[in-house]
Amino acid sequence: MGDDSEWMKLPIDQKCEHKVWKARLNGYEEALKLFQRIEDEKSPEWGKFLGLIKKFVTESNAVAQLKGLEAALTFVGNAHLAGKTTADVVSGVVTKVFNQPKARAKELGMDICLMYIEIEKAEVVQDELLKGLDNKNPKIVVACIETLRKALSEFGSKIVTLKPVVKILSKQFESREKAVRDEAKLLAVEIYRWIRDALRPSMQSINSVQLKELEEEWTKLPSSPPKQTRFLRSQQDLKAKFEQQSAQGGAESDGEDVEETESAVDPYELLEAVDILSKIPKDFYEDIEAKKWQERKAALEAIEVLTKNPKLESGDYGDLVRALKKVLGKDANVMLVSMSAKCLAALASGLRKKFGPYAGQVVPTILEKFKEKKPQVVQALQEAIDAIFLTTTIQNLSEDILSVMDNKNPSIKQQASLFLSRSFRHCTQTTLPKGVLKPLCAALTKQVNDSAPEVRDAAFEALGTAMKVVGEKAVNPFLADLDKLKLDKIKECADKVELSGGRKGVGVGGSIGAAAGGGNKSSSAKAPPTAQAPPKSSGPPKKAATAVASKPSSGPPKKGKAASAGGKKTPDNKEVIENQLSTEVCEELAAGVLPASCLQQLDSANWKERLASMEEFQKAVETMEKADMPCQALVRMLAKKPGWKETNFQVMQMKLHVVALVAQRGQFSKTSASVVLDGLVDKVGDVKCGGNAKEGLTAIAEACSLPWTAEQVVSMAFAQKNPKNQAETLNWLANAMKEFGFAGINVKGFINNVKTALGATNPAVRTAAITLLGVMFLYMGAPLRMFFEDEKPALLTQINAEFEKMQGQSPPAPTRFNKKTAASADDEADEGDEQDEDRGGQDIMDLLPRTDISDKITSDLVSKIGDKNWKIRKEGLDEVASVVSDAKFITANIGDLPLALKGRLGDSNKILVQQTLTILQQLATAMGPGLKQHVKALGIPVITVLGDSKPNVRAAALMTLQSWVEQTGMKEWLEGEDLSEELKRENPFLRQEVLGWLAEKLPTLRTVSADLMLCVPQLYACLEDRNGDVRKKAQDALPAFMMHLGYTKMTKATGKLKSASKDQVLAMLEKARAAIPEKPAPTKTGGEKDSAEMSRAASASRSQPLNDDVDGKPEVKKVRGGGGAAAAKKPAAGKKPPAKGAKDEEDKSGPIFIHVPNAKEQRVKEEKQLKILKWNFNTPRDEYVEQLKSRMCTCAAKWLLDELFHNDFQRHVKAIGVMIERLESERVATISCLDLILKWVTLRFFDTNTTVLMKVLEYLKLLFAMLNRENYHLTEFEANSFIPYLILKVGEPKDVVRKDVRGILGMLCNVHPASKVFPLLMEGTKSKNSKQRAECLEELGCLIEGYGMNVCQPTPAKSLKEIAVHIGDRDTSVRNAALNTVVAVYNACGEQVYKLIGNLSEKDMSMLEERIKRSAKKTQAAPAKQNTTERFQKEHPTNPNATFLRKSAQEDPNKLNQAGQNSQHSDSSHPSIPKRFQLDLDTIESDMGPECKMPELIEFNLDELLEPVPIPERLIRRMQSGPAHFDQLHYSTSSTINLVISQVASGDINTSIQALAQIDEVLRQEDKAAIMSGHIDQFLIATLMQLRLIYTTHMADERLDKKDIIKLYSCIIGNMLSLFSMESLAKEASMGVLKDLMHGVITLMLDSRVEDIEDGQQVIRSVNLLMISVLDKSDMTNIISALLVLLQDSLFMTASSPMFTELVMKCLWRMIRYLPQTITNMNLDRILLDIHNFMKVFPKDQLKKLKSDVPYRTIKTLLHMICKLTGVKILDHLTLIENRSESQLETYMRRMVKLYAVDGERDEKSALRSEDRMSKAMVSDVLTEIFKKIGSKENTKEGLTELYEFKQKYPDVDLDLFLQHTTQFFQSYVERGLRVIESEKESKAPVQISAVNQQHSMDSNMSNEDVQRRLKILRQRCGMENMSTGMGGGGDSEPQPRPLVSSAPPSKPSVPSSTDMLHSKLSQLKESREMYQQDHAHSPAHTHTRGSAQSMQLDDLMKRVEKMKGSWQ
């Protein structure tokens, strides 16, 4: 009891886990009671037991287990969380309950399993039970089978999936245990109850005795279908329905259940697929072509045995099908033909939909083979074609069927019709659309009148079947030409037809039967309501016409049909057919309706009488009734003499007007029209009568149809020789097409006449023809141009210009209609059927003449394409491309080409794959909509290519896919399992490309095939793919899938996922649920406009694949949605249609932007709180676009929103135009929406269309100008969303774009602080685009010049360090821009710039110092400059336009030139005074106040000290309004170079040589060679093309003189030697071009043909020199990378020569040898990436397997050298390698670094010792270089510094030995310079040694007068002499105004003051004078005396300066 008292106090859940069984029993009992008490299924109490339920069922104590099972059953039935425990609990039941001896435990276990099924966990339960069948314990197996049987019996076959059960069922019959076999038998009987005979094929493998027993049991089963007796929780509604039906005893539901049961299970699905491809005999393909028929028969028998398997594994059956097809079509033995047909039938049955790709190849052959008359052959062929039909669609086979319907052999026609009849039985209204039915009915209608009775009967049967399937109403429009007897025969056939599956069909009982008064009532009763005919109209004709006019697309009463069936021909509906009447009859009829006087005066000689007669004629016509008007008689009277030869224009005008009246008001026939047309055409060009003639032609077109009238008129016009008539006829026709539309126009008939007109000598005729072509282009699109490609270039240019005018325009809605066919056209129109609309668009394309190229696809060509030699395969593909190109438009029949091309899509040679893709794009354009039947055979393999590893191949495949979808639509692609099979491939490239494609296409579709559901499991797998890009694409595709499949289906499909995966997927589904796009609205159009627009839009999309990257047909509906809706509401006849257009105009007249208060602030707040996506991306994704669109919908007009987010770029241009127009009038609203507008603009920056981009930039300039006027400043939110993307465009390749972007950047600082623009520009300098880096650096320089150093954010030091890094950039423009920017900083803060930029390499620092020396401004005091800058900022706080600041230096280049000339003149006038001193007098002036007065000093002439240094040119932005001659000059030069370079690659040798000579002339002149910069890659590519041309063509052409080839080689090599002699140009060559260059050069060296030619050896030697130049002068990184890639390619290509690989390695060895000197200038990251890629392609093991180990040793040596030179730092250069841990390279390098680290420590001391001891030769070389620098004027300071450092490092070196051969003056100069440097080092003061530097070049002949003149200027500057003489400095070319100096004493400057500088210079002057006297001691005495006097004067001057300096201090 003590123990009991312990656990009795525990909670229930702890009791259930207690170690004492009694405690557990008590816990189970209490848990059961608790579970029964809890009413809320979501109560938290359930959660406490979630992990314990499995222990309830696996309890080890039998007594406690029973209670545990009861509690578990209650838990499962009531807890909401129970589903999570399914797998654990059911597996516990199977292993621990089913083996228990107690029946109660087993029963409870089954109940638990069934309860789990009830709560929607059937799949998990079934999986666990099936696992239990593998248990060794027979009790468990029996219990599992029994549970499955019970579940099936209660829940039915829809809940319990039978396929896996049937799969393992036959295995249970083999068990040794009788109990297992008996239970399996019971399960088989139960399964048979549900699926009946579908089970039989799967049970054929069991023992015959057992099968017999089963058969007996099956026969005992009742025939009534079983019913579901237990229902899922989600089926409670169905449960109630069943209960209600059982209560009512409803028998009606039984039939429905039977149908559902039969359709629910397909026996095929229960079978296991068999792979027969691997079992095909090896010699089958040889035997099948054997000469002996016995061998062929044996081969076929082997295949027949294999194909008997009812279900076949999918695979590539192309070869097998091709072999069987060959036997079928060409074998003379009919027995073999029958066998091959049976094999094909079996293949089709076993593969089903997977046989679809081969159907189009086999069906034409079978149809042709129906000419055989032997019954066994015909029967086999029928079985084959019927089986094949089930694998495809009638639409795919329609072209093949139509092609044989006109065959001369009646058997073929009969069997084709019978095949159609059998096929129609399997179709429905959906699968047999009108677009397909129309041409088939037309062909069958012809066969109804065939002479052979069997053909007629077959046609009647086919038409009757079609009528049964789609209904009489749908078929009748196509049977209008048949009489009543034939129609009755068709109806009779329709009544006899029995459709497949027992379907009832639509049936007969439509308008024909109703009109005849004897319709089939039973058929009508069975037809659904939607298919019934509308009630017979009894109203007057006017009502019917009104109905048609008001609602043309909505099925008006079909009066015309009823009338025709009753034998009445209503004039409005039937074409008037009239016999030609004699003259006498016409006169008699006319006399009955016209006054006698009128007839008498018609031929009067007096024109006034004739005029009066015509007036009476007109009045009579106007008053006549339509039925009483004898049209032919009247027009014949008009033609009576003088008729159309009437000379009086008034009479003729009246006569022509009467013709129009008669045609409009009467029943005008084509016979009547033929009487007058000739006369009308003759007068159409008349100046006075032409208008009336055109009016008459239009009236006739309304009466007799435009197509017929136009054909007659055009032929008559061109039969004449009057060009005026021809031109005006074409003009009338162009206008008539716009009025009537394009329907029915015979394009073929017009093309020849239009070509004749284009070739006319009269320009008016040509112009009219071109105008007509423009109108036709509106309807036909780009394909129209293909008919005129052979025209002359000038004419073709005019045609293209006309087409460009029409590009983007919509065809106008028809305003006139043929009154006789309008009603019947309405009858034929489908009521909103989209498929019919699509067909309408295709009809226009069908007008184009198409060529059948099947005869050109010969077996030889197909074998060529499949040859083992890739060159022959390429030849075959070239031939195919040529055939398709020559044919232009082709039919869908292309023979065996699809299978041949499919093989090439998997070719190992990627070039051939790309060529195949190009051919497929050609086929898409040429074949048009007929391409649909090849989607499965060729389209799906294109999707497979999307998995290729090469991006260019994938891009080509995607482009091919887009071009195919434009022609076919998406329907065929989504049907079947093909797409899901592709997604099953675990290829990340394929998955991400396909999912991205689906995410783009699916939202544009209104409906999709149900087969899309097959892709969902693969979509879920992609959501968990290892590749991040695949996961991202899968997430993007989720909303598109959900849009069509629905959230419920998608959620249900997660049931098979693992629990962890399922939770993640469900979360993603929930997230995607909120982003489901809306389905495109259905577009219902009622006329020909939509079809015309669709065709034109589809053609436009073909002509512009880059702009319209969307699905053709759905996109057309979306683009043309507005127009289509307007057309749908237009009246059918008579009424004016502009109401809708006017409404649109009114809508567009409103404001385009709406001011919503506080809306912008709210948007900012939401983005800060991350409620919406932050506007930050590399490329805009769809969610950003959708988000912006949803944001703009509240503040922008709807029509503008549609334009802004349209897929057509022209709509964008239109929208921007409107925004520009409304900018000023809607300023406030524009500013309120500014953030959204700027975001939309950023989207346009990512468009590739230049037109849109230029328009956007134009708008931005106007926008920022308006913002500036409104004093508006951008917020941070707006600026950060816009400026970074604007900066991206500053690197645009096009100059015109960059220019505009620079202008906008200049305007930005008016509306946004420059200090905030600066950091954004700094980010832009990090771009990989060199142009962008250069432009951003230039802009930074502008900002610093305009706003000073305060603009540098966050700090000047940090910013300057980042800017200075670019001084070492590889790109010249970037280097110059960086240097210019640092010079701008130098001008702002002086020497402090060196501290700000930090440490630079010696090379970069020398470039910077050189640039600073060359700059115009000299170092100034930093505080003064800063004060000036601050004052400038205060005066101009918002002037950011750097254009003004930069312009002065380049504004007038003549001034600089003039200044240079003046300085030269000054030099020449004083030859004895060289330019030695350069005093900074500007600083002296700025530091000295005007009140300072000094004693007079001796005047020295120092003019030349003030001479300026030429300013280096910088990139200076000009004002927008300024002259553009520099750009024009640059453009002209650039275009000239481009032209010459293009001629280098010419096929003509002389042209190429001349072009090379011109380039060589430029390259040999150093001053001109710079213009080649930027064109190096282009030039090298052209040269390489010429080298390839020589190698492949010229060398093989025996007609060419080999001397010319050698000459061409010499020119090429000479050019490249000149190019690579200039390092700056050589370094511009990119890696890819260098790779191709080295490949071409090495190939040339190895070309044995060159050696055989005279002077060939000289060429080879020159090539060797060229290779050395390329290796030495090219960019080291690029050339090494190129060699590595070339080595990789050469090893990879088996056809590569070993010598080629050896030469590549030799080049690499040379580069390795020079690595110590070049490694500092190399990008090691890139080189290591290339080595990594090399090692990835060729791992160490694979390299060692090569014939030679030299490649391995080469790579190893390269790595050793790099590691040795860089040490451990090399590991920091692995940044570009992804997955470094997996790289062999990193592992290898770490090992090498460790090795060299040990060696380095050991050798360090010895290395230091060796460094100290330099060889004498090295000392000599070093000192020689240093003394050269000292002797150079520019580098003297640098040389002295280096000499000082050298002396410090090597004090033992005696410099006197090297100075003893120099002059005493030079030795003294060197010693003084070293002393000055030493003193600077000691005092660390910034002592100036510029004077010392300059004294080196001092001439000893300096006169006393010169010194006096210079000092005079100095005295004036210091205020020691009257200033009236003016400011000195005649050398200044552009004197700058000096700012006034403050009276307050300045602070101590950080650089030497002007007085210090003056003192220093005077000291130097005195010292120089002493030296001068010493050097000229031999001069006359008076000279010496004068020198001493000057020395005294200088001493006095220095004392005065010291005194002045002291007074200031």
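Residues numbered from 1 in each chain as written. Predicted model: local features only at pLDDT ≥ 70, side-chain atom pairs only at ≥ 80, totals over all residues. Heavy atoms only, no water.

Enquirer: For the overall build of the protein, give the residues involved together with the corresponding values.
Expert: Per the secondary structure count, the protein includes 105 helices and zero strands. Expressed as a percentage of its 2009 residues, the buried residues of the protein come to 48%. Put simply, 76% of the contacts in the protein that link residues at least 6 apart link residues at least 24 apart. When the accessible surface of the protein is summed, it comes to about 96,500 Å², and 51% of that surface belongs to carbon and sulfur atoms. (Helix = DSSP H or I, 4+ residues; strand = E, 2+ residues; numbered from the N terminus. Buried < 20%, exposed > 50% of the residue type's maximum accessible area, 1.4 Å probe, protein only. Contact = heavy atoms within 4.5 Å. Areas by Shrake-Rupley, 256 points an atom, 1.4 Å probe, with all protein chains shown as cover.)

Enquirer: Describe helix α90 (residues 1656-1673), naming the residues involved and giving the relevant values.
Expert: Between its first and last C-alpha atoms α90 spans 26 Å; for 18 residues at 1.5 Å apiece the expected length is 26 Å, and the two agree. Buried residues of α90: G1656, V1659, I1660, S1662, V1663, L1666, M1667, S1669, V1670 and L1671, and no others. Those residues of α90 that are buried lie in contact with α86 (1602-1621), α88 (1631-1645), α89 (1648-1652), α91 (1676-1692) and α92 (1698-1713). (Expected span 1.5 Å × (residues − 1).)

Enquirer: Provide a residue-level description of the side chain of Q1018, including the pertinent values.
Expert: Following the sequence through the fold, Q1018 ends up in helix α55 (residues 1016-1023). Accessibility expressed as a relative area gives 10% for Q1018, which makes it buried. Other than its neighbours up to four places away in sequence, Q1018 contacts S980, L983 and K984.

Enquirer: Lay out unusual backbone geometry with the relevant residues and their values.
Expert: Of note, the amide linkage connecting Q1353 to P1354 takes the cis form, showing an omega dihedral of 5°. Unusually for a residue other than glycine, E120 sits at a positive phi of about 75°. Tracing the chain through its elements places E120 in the loop between α8 (103-118) and α9 (122-132). Overall, the relative accessible area of 39% leaves E120 in the partly exposed class. The phi torsion at S705 lies on the positive side, around 85°, for a residue other than glycine. Locating S705 in the fold gives a position in the loop between α38 (690-704) and α39 (706-719).

Enquirer: I'd like to hear about the pattern of salt bridges, residue by residue, with values.
Expert: Inspection of the entire model under this criterion finds 79 salt bridges. A salt bridge links R230 to E154; the nearest nitrogen and oxygen atoms lie 3.3 Å apart. Of this pair, R230 sits in the loop between α13 (208-220) and α14 (236-248) while E154 sits in helix α10 (residues 138-155); the two residues are 76 residues apart in sequence, bridging distant segments of the chain. The same class applies to R230 and to E154, which are both buried. (Salt bridge = Lys/Arg side-chain N within 4 Å of Asp/Glu carboxyl O.)

Enquirer: Go over the side chain of H934, please, and point to the residues and values.
Expert: If you trace the backbone, H934 turns up in the loop between α49 (910-927) and α50 (935-945). Polar contacts involving the side chain of H934 include one to the main-chain carbonyl oxygen of A892, which spans 2.7 Å. Beyond its immediate stretch of four places on either side in the chain, H934 contacts Q361, A892, I894, P898, M927, G939 and W964. (Polar contact = N/O pair within 3.5 Å; in protein donor to acceptor, adjacent residues only side chain to side chain.)

Enquirer: Please provide a residue-by-residue account of the packing of helix α35 (residues 631-638) against helix α37 (residues 670-683), values included.
Expert: Where α35 meets α37, the axes come as close as 9 Å, and the angle between the chain directions of the two elements is 10°. Put simply, α35 runs roughly parallel to α37. Residues C631, Q632, V635 and R636 of α35 pack against T671, S672, V675 and V676 of α37. Class assignment for the residues of the contact of α35 with α37 results in four nonpolar, three polar and one charged. (Axes fitted to C-alpha atoms, helices over the stretch in contact; angles between N-to-C directions. Parallel < 35°, antiparallel > 145°, perpendicular 65-115°, else oblique. Nonpolar A, V, L, I, M, F, W, Y, C, P; charged D, E, K, R; others polar.)

Enquirer: Go over the packing of α90 against α92, please, and point to the residues and values.
Expert: Running from N to C, α90 and α92 point in directions that differ by 40°, and their axes come no closer than 11 Å. By the angle between their directions, the pair α90 and α92 is classed as oblique. Pair α90 / α92 crosses with right-handed handedness. Facing α90, whose interface residues are M1667, I1668, L1671 and D1672, α92 presents C1707, R1710 and M1711. Looking at the contact of α90 with α92, its residues break down into five nonpolar, no polar and two charged. (Left-handed = near helix turned anticlockwise from the far one by under 90°.)

Enquirer: Explain the packing of aromatic side chains to me, and be specific about the residues and the numbers.
Expert: In this structure the tally under the stated criterion is 21 aromatic pairs. Centroid distance Y28 to F56: 4.9 Å. Interplanar angle 55°. Geometry classified as tilted. Placement of the pair is Y28 in helix α3 (residues 21-37) and F56 in helix α5 (residues 53-57), with a sequence separation of 28 residues. Of the residues examined, Y28 reaches a relative accessible area of 0% and is grouped as buried. Taken together through their ring pairs, the aromatic side chains of W1175, F1177, Y1184, F1246 and Y1285 make up a single cluster. In this structure, K688 is placed above the aromatic ring of F649, and the distance from its NZ or CZ to the ring centre is 4.3 Å. Positioned over the ring face of Y1047 is R1073, at 3.9 Å from the centre of the ring. (Phe/Tyr/Trp six-rings, centres within 6.5 Å; stacked < 30°, edge-to-face > 60°. Lys NZ or Arg CZ within 6 Å of the ring centre and 35° of its normal.)

Enquirer: Describe a nonpolar patch on the surface, listing the residues and the values that go with them.
Expert: Nonpolar side chains collect at one region of the surface, where F1692, M1693 and V1737 lie side by side and expose about 310 Å² of accessible area between them. Relative to the helices and strands, F1692 resides in helix α91. The class of F1692 is exposed, set by a relative accessible area of 58%. (Patch = residues over 30% accessible without salt bridge, like charges linked within 9 Å, V, L, I, M, F, W, Y side chains within 5 Å.)

Enquirer: Please provide a residue-by-residue account of helix α72 (residues 1314-1324), values included.
Expert: The set of residues buried in α72 consists of A1314, V1317, F1318, L1320, L1321, M1322 and G1324. Tucked inside the fold, the buried residues of α72 contact α70 (1276-1288), α71 (1295-1311), α73 (1330-1347) and α74 (1356-1365).

Enquirer: An account of the environment of E301 is needed here, citing residue identities and associated values.
Expert: Assignment of secondary structure puts E301 in helix α17 (residues 293-307). Residue class for E301 comes out partly exposed when judged on its relative accessible area of 35%. Sequence separation of E301 and C343 is 42 residues, and the distance between their C-alpha atoms is 9.0 Å.

Enquirer: Outline the environment of A900, supporting the account with residue identities and numerical values.
Expert: Its location among the elements puts A900 in helix α48 (residues 897-905). In this structure, the C-alpha to C-alpha distance between A900 and D319, residues 581 residues apart in sequence, is 9.9 Å. Ignoring any residue separated from it by four or fewer positions in sequence, one finds A900 in contact with R322, V862 and I865.

Enquirer: Describe the confidence of the model for the protein, naming the residues involved and giving the relevant values.
Expert: Mean pLDDT over the protein works out to 75, with 76% of the residues at or above the 70 mark. Here helix α30 (residues 541-550) is the element of the protein with the lowest mean pLDDT, 34, and α10 is the one with the highest, 92. Every residue in residues 1417-1531 scores below 50 in pLDDT, and together they form 236 contacts with partners more than four places removed in sequence or on other chains. Confidence drops under pLDDT 50 across residues 1975-1991; counting only partners more than four residues distant or on other chains, this segment forms nine contacts. (pLDDT = per-residue confidence, 0-100.)

Enquirer: Would you mind going over the state of the cysteines in detail, with residue names and values included?
Expert: Enumeration according to the criterion identifies zero disulfides in this entry. Among the cysteines around C113, which has no disulfide bond, C144 carries the closest sulfur, lying 7.8 Å off. Taking relative accessible area as the criterion, C113 reaches 0% and is therefore assigned buried. (Disulfide = S-S within 2.5 Å.)

Enquirer: Break down the environment of F1620 for me, citing the residues and quoting the values.
Expert: Tracing the backbone shows F1620 in helix α86. A sequence separation of 54 residues divides F1620 from S1674, and the C-alpha atoms of the two residues are 7.4 Å apart. Excluding residues within four positions of it along the chain, F1620 makes contact with L1580, A1626, L1634, L1637, L1666, S1669, V1670, K1673 and S1674.

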